[in-house]
Structure formats: C-alpha cells, structure tokens
Amino acid sequence: MTKKIIYIARNDSKTYPGVKNKIEQTVFALKKIGFDAEMQEIAPNPKHRSIVEFIKLVTKNSADVLILRSDILLMPLLMLPLLWKRLGGCKIIVDVPTPFTVVLQEIKSDTN
C-alpha cells in the first residue's frame, strides 16, 4: 500500500516564491518515487484565520506522513494536535526555515 504524504505549508507565495517552489519540487519528487503526495498551502492573513485553517488541516486528514512548514509562533499551538496525530500512528516532519534570518523575515511579514 502506498503511503499518503501531505505537505502542509503556511506560506505567502507572492513574498516567498522560492519556498513554494521547494515544496512543489519535494512533492513532485515524492510522487516520482511512488508516494501518494500532495501539497496544501495556506497564505497567512492579518485576521489569523490561516492559523485555524492550518490546525484544521493538520488534524483532519488521513495522511501516513505529515510534513509541516509554518512560522515558529504557530508551533506551540500545534503540540496537542500533533501529539494526537502521532499517537494515531502518523509520522510528523517539521520543515524548519533556515537560516534563522529567514525565520525572522517570515515572522515580520506575518505581522504586517
């Protein structure tokens, strides 16, 4: 049986097109080697609805593996949902933006 992999990203593609390209290429490579992979991208918004959407996507899916990319401020809110997914057998991979200056830029752009 093919493992289902979902790459969930909270990213502004207009501001960070390279991040979107990296995610698309990762999903393409996963498909090429035989995984059932998909990308779900949520653009940050000033009213923080994207945070709720992101948490819903994390909790309401049937993936065998989740790859997550978001800003560092959202991760504490994901601890319980990720624990729940992990106890259900889902593997979790966190894509950390590097170098750290990029993390700071992404946080700054979220608050604008």
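Refer to the structure presented above.
Residues numbered from 1 in each chain as written. Predicted model: local features only at pLDDT ≥ 70, side-chain atom pairs only at ≥ 80, totals over all residues. Heavy atoms only, no water.

> Would you mind going over a nonpolar patch on the surface with me for this structure?
A cluster of nonpolar side chains, contributed by L80, L83 and L87, occupies part of the molecular surface with about 360 Å² of accessible area. Following the sequence through the fold, L87 ends up in helix α3 (residues 75-87). (Patch = residues over 30% accessible without salt bridge, like charges linked within 9 Å, V, L, I, M, F, W, Y side chains within 5 Å. Areas by Shrake-Rupley, 256 points an atom, 1.4 Å probe, with all protein chains shown as cover. Salt bridge = Lys/Arg side-chain N within 4 Å of Asp/Glu carboxyl O. Helix = DSSP H or I, 4+ residues; strand = E, 2+ residues; numbered from the N terminus.)

> Teacher, can you tell me more about the packing of helix α2 (residues 49-59) against α3 here?
α3 packs onto α2 with a crossing angle of 15 degrees between their chain directions and a minimal axis gap of 9 Å. One way to sum up the angle between α2 and α3 is to call them roughly parallel. Of the two possible hands of crossing, α2 and α3 adopt the one that is right-handed. On the side of α2, the interface is formed by I51, F54, I55, V58 and T59, while α3 contributes L77, L78, P81, L82 and K85. When its residues are assigned to classes, the contact of α2 with α3 shows 8 nonpolar, 1 polar and 1 charged. (Axes fitted to C-alpha atoms, helices over the stretch in contact; angles between N-to-C directions. Parallel < 35°, antiparallel > 145°, perpendicular 65-115°, else oblique. Left-handed = near helix turned anticlockwise from the far one by under 90°. Contact = heavy atoms within 4.5 Å. Nonpolar A, V, L, I, M, F, W, Y, C, P; charged D, E, K, R; others polar.)

> Looking at this structure, I do not really get the pairing of strand β3 (residues 65-69). What am I missing?
Note on strand geometry: in a regular strand, side chains alternate between the two faces of the sheet. Counting buried residues in β3 gives 5 out of 5 residues, a clear majority hidden from the surface. Residue alternation in β3 divides its side chains into two sets, V65, I67 and R69 and L66 and L68, and both sets are buried. With 4 bridges connecting them, β3 and strand β4 (residues 91-94) associate as parallel partners. When the sheet's bridge partners are listed, I67 is paired in β4 with I93. Each parallel crossover has a hand, and the one from β3 via α3 to β4 is right-handed. (Buried < 20%, exposed > 50% of the residue type's maximum accessible area, 1.4 Å probe, protein only. Pairing = 2+ DSSP bridges. Right-handed = clockwise from strand over helix to strand, strands pointing away.)

> Which parts of the structure should I look at to understand α3?
Each full turn of the α-helix corresponds to 3.6 residues, which orients residues three or four apart in the same direction. For α3, with 13 residues, the first-to-last C-alpha span of 18 Å sits near the 18 Å given by 1.5 Å per residue. The sharpest bend along α3 reaches about 35 degrees and sits at P81. Along α3, the residues that are buried comprise M75, L78, P81, L82 and K85. Those residues of α3 that are buried are in contact with α2, β3 and β4. A positive backbone phi angle near 100 degrees is found at G89, which sits one or two residues after α3. (Expected span 1.5 Å × (residues − 1). Bend = angle between axes of the 7 residues up to and from the residue.)

> Would you explain the side chain of K85 in this entry?
Along the chain, the position of K85 falls in helix α3. Notably, K85 is buried but unbridged: the nearest opposite-charge side chain belongs to D64, and the N-O separation is 8.9 Å. Setting aside anything within four residues of it in sequence, one finds K85 in contact with V58, T59, N61, L66, C90 and I92. (Lys, Arg positive; Asp, Glu negative; His and termini not counted.)

> What am I meant to see in the pairing of strand β2 (residues 36-42) here?
One ladder, built from 7 bridges, connects strand β1 (residues 4-10) with β2; its direction is parallel. The residue of β2 that forms the bridge with Y7 is M39. Taken together, β1, helix α1 (residues 17-32) and β2 constitute a β-α-β crossover, and its handedness is right-handed.

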